[in-house]
Amino acid sequence: MTAPMTTTGPDLRDYVLRLGDDALVAAQRVAGWCTRAPQFEEDVALANIALDLLGQARALLTYAGELEGLGRDEDALAFGRDEHEFRNVQLVELPDDDFATAIAKMLFFGVYQRLLYTGLSRAADPTLAGIAAKAAKETAYHVDHAVSWTLRLGDGTAESHRRMQAAVDHVWPYTHELFEPGPPPAAAGPGADPAALRGPWCREVEQVLAEATLRRPEDGWAPTGGRSGVHTEAFGHLLAEMQYVYRAHPGARW
Amino acid sequence: MELLDGVPPLGTEELLAEVDAAERELAAGEGPPAGTAPAGDEEGAARFEALIAADGKIEPRDWMPDGYRRSLIRQIAQHAHSEIMGMQPETNWISRAPSLARKAILIAKVQDEAGHGLYLYSVAESLGVSREWMLDELHAGRQKYLSFINYPTLTWADVGALAWLTDGAAVVNQVSLCRTSYGPYARALVRICKEESFHHRQGFDLLYALSRGTPEQRAMLQAAVDRWWYPALAMFGPPDHMSTHSAQSLAWRIKRATNDELRQRFVDICVPQARVLGVTLPDPALRWNAERGHHDFTPPDFEELKRVVAGNGPCNRQRLAHRRRAHEDGAWVREAAAAYAAKHGESREAAEPAPAGEAARAPERTDWPLWEVFVRPRRGLAHSHAGGLHAPDAAMALRNARDLYTRRGEGVSIWVLPAAGITASSPDEKDAFFDPAGDKVYRHPSFFELPEGVEHL
Amino acid sequence: MTAPRTVVGDTVVRGQAAAERVRSAVAAVRDPEIRVLTIEELGILRDVSAEDDGRVVVTITPTFLGCPAMDVIRADVAAAARDAGCAEVEIVTVLSPPWTTDWLSDAARAKLAAAGIAPPVRRDDPGGRTLPLLMPALRAPRCPRCGSAATAEIARAGSTACKALWRCDACRQPFDHVKDH
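Residues numbered from 1 in each chain as written. Chains lettered and ligands numbered in written order. Predicted model: local features only at pLDDT ≥ 70, side-chain atom pairs only at ≥ 80, totals over all residues. Heavy atoms only, no water.

(A) The arrangement of the overall build of chain B in detail. Per the secondary structure count, chain B includes 16 helices and 5 strands. Classification of the 457 residues of chain B by burial places 61% in the buried group. Long-range contacts, defined here as pairs at least 24 residues apart, represent 74% of the contacts in chain B between residues at least 6 apart. For chain B, the computed accessible surface area is about 16,900 Å², with 54% contributed by carbon and sulfur atoms. (Helix = DSSP H or I, 4+ residues; strand = E, 2+ residues; numbered from the N terminus. Buried < 20%, exposed > 50% of the residue type's maximum accessible area, 1.4 Å probe, protein only. Contact = heavy atoms within 4.5 Å. Areas by Shrake-Rupley, 256 points an atom, 1.4 Å probe, with all protein chains shown as cover.)

In C-alpha cells:
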C-alpha cells in the first residue's frame with residue numbers, strides 16, 4: 001500500500017507521528033498492568049488492549065518514517081528519539097497510580113480515539129484511512145471495556161466511588177490537550193479536526209459519568225505542551241525504561 | 001525486521017504430530033456428554049473403571065472416585081498457578097523490550113499465559129472448586145507452581161532462553177499429558193500445546209537473532225542459556241529411581257511417561273537446536289551415546305530443586321509477594337464489581353451475562369465460605385461426598401450444589417456442611433517430595449514435581 | 001503502512017503459472033495461533049497475483065493491527081512460496097478493507113467448531129442470544145461440544161487477541177469463542 005506522494009508533506013508526517021506517539025505511550029502504560037491487575041480476566045483484557053495500541057503505534061510510526069523519508073523505521077522512531085521529540089499528549093503518559101486512574105485515562109482517551117479514527121477512516125490519504133478504519137473497530141472494544149469499569153467503580157462501593165471520582169478529577173484537565181485547535185493536514189480530511197471532536201466527546205463522556213453517578217469536573221486548568229514536545233516529569237522515566245536496551249547496543253538488530 | 005526468516009526447523013514437528021493424534025483420539029472417542037443421572041457408588045465405580053479401561057474420557061458430570069477428583073483438582077490448579085506465576089519473569093522485560101515487534105510478541109505471550117491460566121482454572125472449577133479457593137491455597141503457599149519461575153530474568157536474552165528451554169520442556173511434558181483421562185483437561189492440554197508451540201518458536205527466533213548479533217548480544221545469549229539449562233531440566237521432576245510410580249497412577253492413565261524418559265527426550269531435542277544457535281549447553285559431560293541412541297548428560301542438582309520447591313529459590317518470596325500484592329490491591333475493584341452486580345440485579349442466576357462477564361459473576365468470587373456437598377443419588381443409598389463449593393449461605397450452597405453435582409432434582413437428597421465444621425484426620429506426613437505414598441503418587445504427574453501441602457477438601 | 005517486502009528464492013518459475021503454484025502453496029499455510037485453519041480460510045490471504053516484471057505478489061491482511069502472528073505468517077508464506085519454486089515473491093500487507101469475521105467461510109466455521117472453538121455468531125443466527133452489552137451485535141455462542149445455548153462469558157479477552165473465553169453451563173466445558181469483529 002503506497003500513499004500518493006502529492007498529498008503528503010511534512011505536516012502529514014507530523015500528524016501521523018502524533019497519533020503514533022499517543023498510541024505507543026498509551027500501550028506502554030497499559031502493558032504495565034500485566035501481572036498487577038485486580039483479577040486475571042483483567043490481566044488478559046489489558047494485555048489485549050496494550051497489544052491493540054501497540055499495533056496502531058507500529059503501523060503509524062512505520063508510516064511516519066516513510067513520509068519522512070530519512071530511513072527511520074518504527075524502532076528508530078520509538079527508541080531513538082529523545083523526550084522533546086515525542087508528540088504525544090500528556091494524558092497518555094500520566095502514571096497509572098491505581099486502577100481507577102487507568103480506567104479514567106482509558107475512557108477519555110478511548111472515546112477520543114474512536115471518534116478520531118472514525119473520522120480518519122474517510123481521510124483522503126488511503127494509508128491513513130486504512131489504519132484508521134482498522135483501529136476504529138478495535139478501539140470500540142477499549143471504550144466498551146472502560147465504560148464497563150467506569151460504571152462498576154463509580155456505582156460500586158463507597159470506596160470505589162471515591163477513588164473513581166478522584167481519578168476523573170485528576171485526569172480531566174489533561175483531556176483539553178486532546179482537542180487543541182489546529183486544523184489537520186488536508187490529507188487527513190475534515191473528519192479529523194480535533195476541535196470538532198470536543199462536542200461529541202463531551203456528550204458521550206458526560207453520559208457515562210452521569211450513569212456511573214460521577215460528577216463531571218469543572219473545566220479550568222488545562223495543562224498542555226505534549227504536541228510541541230513538552231512533557232511531564234514522569235515521561236522521562238517511561239522513556240528511560242523503554243529505550244535503554246535499544247540504546248545500550250547501538251546498531252544491534254533484535 | 002524479518003522475523004524468523006531463515007530459521008531452520010525446530011525439530012518439534014514430531015511433538016505437534018503427537019498433539020494432533022491426541023486431538024483426533026479425543027474427537028473420535030467423544031460422544032455427547034453423559035446424560036445419565038449421577039450414579040451410586042457401585043454402578044458409578046463400575047462405569048468409571050470401564051471407561052478408564054477402554055481409554056475413554058471422564059467428563060465433569062460422571063461419577064468419579066473422590067481421590068481421582070482431588071488429585072485432578074490439585075494437579076490442574078498447580079498447572080493454572082504455573083501459567084499465572086510464569087507471567088512474572090517475562091513481564092519483567094515487557095517495558096524494556098528492544099524492538100516494538102518483540103514487545104508485541106512478549107505481550108501476546110504473557111496474554112496467552114494468563115488466558116491458559118483462566119482456562120485451566122475453569123477446568124478445575126468443573127470439578128467443583130472455586131477459583132477463589134485455589135488462589136487462597138496459592139497465596140498461602142499450600143498449592144505450588146513450577147520451580148523455574150523462582151529464578152530471575154536478568155537480561156533480555158533470558159526472555160528468549162525462558163521461552164526456548166522452559167517452554168520447550170513444558171511442551172514435552174504437556175504433550176505426554178494430552179491423553180490424560182479427564183476430558184476437559186485433555187482438551188485444554190491439546191489446545192495449550194498448540195498455542196505454546198507458537199511461542200516456543202518465537203522464543204527460539206529471539207535467541208537466533210542474538211546469535212547472529214554483536215559480540216555483546218552473543219555473550220548475553222550464552223549467559224542466559226547457562227542460567228536456564230538446569231532449571232529447565234529440573235522441570236521434569238526427580239529421577240525415576242527416587243520416584244515411585246504406583247499401579248494406581250498408571251491405571252488411572254493420568255501419567256504416560258516417566259520423568260527420566262521425558263528429560264531424555266528434551267535433551268535430545270535441544271542439542272541440535274543449541275548447535276543452530278551456536279551456544280554451548282553448560283554440561284561438559286553432554287555427548288552422543290551411539291549405543292543408547294540418546295545423549296548422555298549430567299542430571300540437574302535435585303538438592304537445589306528441593307530447596308527451591310521448599311521456598312528458598314532466588315525469587316520465591318518476591319514472586320509470591322507480587323502475586324499477593326496484586327490480589328490485595330485489586331480487592332476494592334472486585335468488591336466494587338460485586339456491589340454493582342448486586343445493585344443492578346445481575347447475578348449468576350441471570351440467564352445472560354453482564355457487560356464485563358466476570359464482573360457479573362463476581363459475587364460468588366468474594367470470600368464466601370467453602371461448603372462440602374454430600375449427595376444421596378437414589379433411595380436406599382447413603383449420602384456420599386461429591387465435592388466442595390463456595391456459597392454465601394446454606395440455602396445458596398444447596399442451590400449451587402444441585403446445579404453442580406446433580407443433573408436433575410428428582411429423588412435426590414443433598415446435604416451441605418460448612419467445610420470449617422469438619423474435622424479431618426491428619427494428612428500423610430511422609431516426605432512427599434521423593435517418597436510420596438503409593439496411593440498419592442497419581443497426584444504427581446511429572447509436570448509438577450512438587451510436594452503437596454495440607455489437604456483442604 | 002507500506003508492507004514489509006520479502007524477496008526470496010532462486011529463479012525457477014515466472015508469470016501466471018507461478019502465481020497459480022504459489023497460490024495453492026500459500027493458501028495451505030496454517031494460522032500459527034488457530035492451527036486448524038489456513039490463512040485462506042481465515043480470510044487473511046487476500047490475493048496472489050503475477051506482476052508484469054515476473055514477481056508474484058501475495059497480499060495479506062491482519063485480523064488485528066497488533067496481531068503478533070503476522071510476522072510468523074509472513075515468514076511461513078515466504079517459505080511456502082520458496083518451496084513452490086517461486087523466483088520472487090513480494091508480500092504486501094493491506095489494512096483496507098478491514099478484516100471481519102464475516103469472511104470466515106462455512107467450512108472454516110465447521111472446522112473451528114470441530115476443534116472445540118466456537119465460531120463467531122452469525123448476525124442472522126436465530127438461536128444466538130443477544131447479550132445486553134454496551135457493544136451492539138455481540139451474541140452468545142453455542143457450546144461447540146454439546147450445542148447448548150446455556151453459555152456464559154468468562155473473559156472478554158482470551159489467550160489470543162481474536163478469542164474470548166466462555167463456559168458451557170450444560171456440560172461444563174470451557175471453550176474459546178472467536179469474537180465477532
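(B) A look at the overall build of chain C. When its secondary structure is counted, chain C shows 4 helices and 9 strands. Overall, chain C shows an N-to-C arrangement of helices and strands of α-α-β-β-α-β-α-β-β-β-β-β-β. Within chain C, the fraction of its 181 residues that count as buried is 63%. For chain C, contacts bridging at least 24 residues in sequence account for 54% of all contacts bridging at least 6. Of the roughly 6,300 Å² of accessible surface on chain C, a fraction of 51% belongs to carbon and sulfur atoms.

(C) Highlighting the packing of aromatic side chains. Tallying each qualifying case throughout the model produces 18 aromatic pairs over all chains. Relative to tryptophan 149 of chain A, the ring of phenylalanine 99 of chain A has its centre 5.3 Å away and its plane inclined at 90°; by these criteria the two rings are edge-to-face. Taken together, the residues phenylalanine 99 of chain A in helix H5 (residues 99–120) and tryptophan 149 of chain A in helix H6 (residues 126–154) connect sequence positions 50 residues apart. Exposure class is identical for phenylalanine 99 of chain A and tryptophan 149 of chain A. Each is buried. Centroid distance tyrosine 151 of chain B to tryptophan 228 of chain B: 6.3 Å. Interplanar angle 65°. Geometry classified as edge-to-face. Here tyrosine 151 of chain B is found in the loop between helix H6 (131–139) and helix H7 (156–177), whereas its partner tryptophan 228 of chain B is found in helix H9 (residues 215–234), with 77 residues between them in sequence. Like tryptophan 228 of chain B, tyrosine 151 of chain B is buried. A cation over an aromatic ring shows up here: arginine 81 of chain A above the ring of phenylalanine 86 of chain A, its NZ or CZ 4.1 Å from the ring centre. (Phe/Tyr/Trp six-rings, centres within 6.5 Å; stacked < 30°, edge-to-face > 60°. Lys NZ or Arg CZ within 6 Å of the ring centre and 35° of its normal.)

(D) Inspection of the side chain of asparagine 316 of chain B at higher detail. Residues and elements named next belong to chain B. Counting through the fold element by element, asparagine 316 comes out in helix H13 (residues 316–329). Residue classification places asparagine 316 among the buried residues on the basis of a relative accessible area of 9%. Polar side-chain contacts of asparagine 316 include one of 2.9 Å to the backbone oxygen of valine 308. Every residue in contact with asparagine 316, bar those within four places of it in the chain, is listed here: Tyr145, Asn150, Val308 and Gly311. (Polar contact = N/O pair within 3.5 Å; in protein donor to acceptor, adjacent residues only side chain to side chain.)

(E) Molecular detail of the pattern of salt bridges. All names here are of chain A. In total, this model carries 40 salt bridges over all chains according to the counting rule given. With a closest N to O distance of 2.6 Å, lysine 105 and aspartate 96 form a salt bridge. For aspartate 96, a relative accessible area of 13% puts it in the buried group. (Salt bridge = Lys/Arg side-chain N within 4 Å of Asp/Glu carboxyl O.)

(F) Summary view of the interface of chain A and chain B. Contact residues are listed per partner, giving 47 residues for chain A and 56 residues for chain B. Roughly 4,400 Å² of surface becomes buried between chain A and chain B when both sides are summed, with 68% attributable to carbon and sulfur atoms. In this structure, the connection of chain A to chain B is made through 2 salt bridges. Among the ionic pairs, arginine 131 of chain B bridges to glutamate 41 of chain A, the shortest N-O distance being 2.4 Å. In this structure, the connection of chain A to chain B is made through 13 residue pairs in polar contact (both at pLDDT 80 or more). (Buried area = accessible area lost by both parts, 1.4 Å probe.)

(G) Region of interest: helix H9 (residues 233–248) of chain A. Counted at 1.5 Å a residue, the expected span for H9 of chain A with its 16 residues is 22 Å, and the 22 Å between its end C-alpha atoms agrees. Of all the bends in H9 of chain A, the greatest, near 40°, is centred on methionine 242 of chain A. (Expected span 1.5 Å × (residues − 1). Bend = angle between axes of the 7 residues up to and from the residue.)

(H) Here's a closer look at unusual backbone geometry. Serine 96 of chain C connects to proline 97 of chain C through a cis peptide bond whose omega is 0°. With a phi close to 60°, threonine 213 of chain A is a non-glycine residue in the positive phi region. You can see threonine 213 of chain A is positioned in the loop between helix H8 (194–211) and H9. Note on threonine 213 of chain A: relative accessible area 42%, which makes it partly exposed. Even without glycine at this site, arginine 172 of chain C takes up a positive phi of about 70°. With respect to the element layout, arginine 172 of chain C can be found in the loop between strand E8 (163–168) and strand E9 (174–178).

(I) Summary view of the sheet that holds strand E4 (residues 117–118) of chain C. Residue and element names in this part refer to chain C. A sheet is described by the order of its strands in space; here 4 strands give the open sequence E4-E9-E8-E7, paired in mixed fashion. Looking at which strands have only one partner, the edges of the open sheet turn out to be E4 and strand E7 (151–155). Pairing of E8 with E9, which is carried by 5 bridges, proceeds in the antiparallel orientation. Each residue of the ladder has a partner; that of tryptophan 166, found in E9, is phenylalanine 175. (Pairing = 2+ DSSP bridges.)

(J) Molecular detail of the environment of glycine 293 of chain B. Mapped onto the elements, glycine 293 of chain B comes out in the loop between strand E1 (287–289) and strand E2 (294–296). Distance from glycine 293 of chain B to aspartate 268 of chain B, taken between C-alpha atoms, is 9.5 Å for residues 25 residues apart in sequence.

(K) Summary view of the environment of glutamate 66 of chain A. Mapping glutamate 66 of chain A onto the fold places it in helix H2 (residues 40–68). On a C-alpha basis, the gap between glutamate 66 of chain A and arginine 13 of chain A in space is 8.5 Å, while along the polypeptide they are 53 residues apart.

(L) Up close: the sheet that holds strand E3 (residues 89–93) of chain C. Residue and element names in this part refer to chain C. A sheet is described by the order of its strands in space; here 3 strands give the open sequence E1-E2-E3, paired in mixed fashion. Of all strands in the sheet, those bounded by a partner on one side alone are strand E1 (45–50) and E3. Looking at each pair of strands side by side, their axes are set apart by 15° on average, direction ignored. As paired strands, strand E2 (residues 56–60) and E3 are joined by 5 bridges and run parallel to one another. From the neighbouring strand, threonine 59 faces E3, where its bridge partner is valine 92. Set on the sheet, helix H3 (residues 69–83) makes contact with E2 and E3; between it and E3 the angle comes to about 155°. (Axes fitted to C-alpha atoms, helices over the stretch in contact; angles between N-to-C directions.)

(M) Inspection of the pairing of E2 of chain C at higher detail. Residue and element names in this part refer to chain C. Counting buried residues along E2, 5 of its 5 residues qualify, which places the element largely inside the surrounding structure. Covered by surrounding structure in E2 are Val56, Val58 and Ile60 together with Val57 and Thr59, the residues of both alternating faces. Pairing geometry for E1 and E2, over 5 bridges, is antiparallel. For alanine 50, the partnering residue across the bridge sits in E2 and is valine 56. What sits between the antiparallel neighbours E1 and E2 is a turn of 5 residues, in which glycine 54 has the positive phi angle 95°. For the handedness criterion, the β-α-β arrangement of E2, H3 and E3 is classed as right-handed. (Right-handed = clockwise from strand over helix to strand, strands pointing away.)

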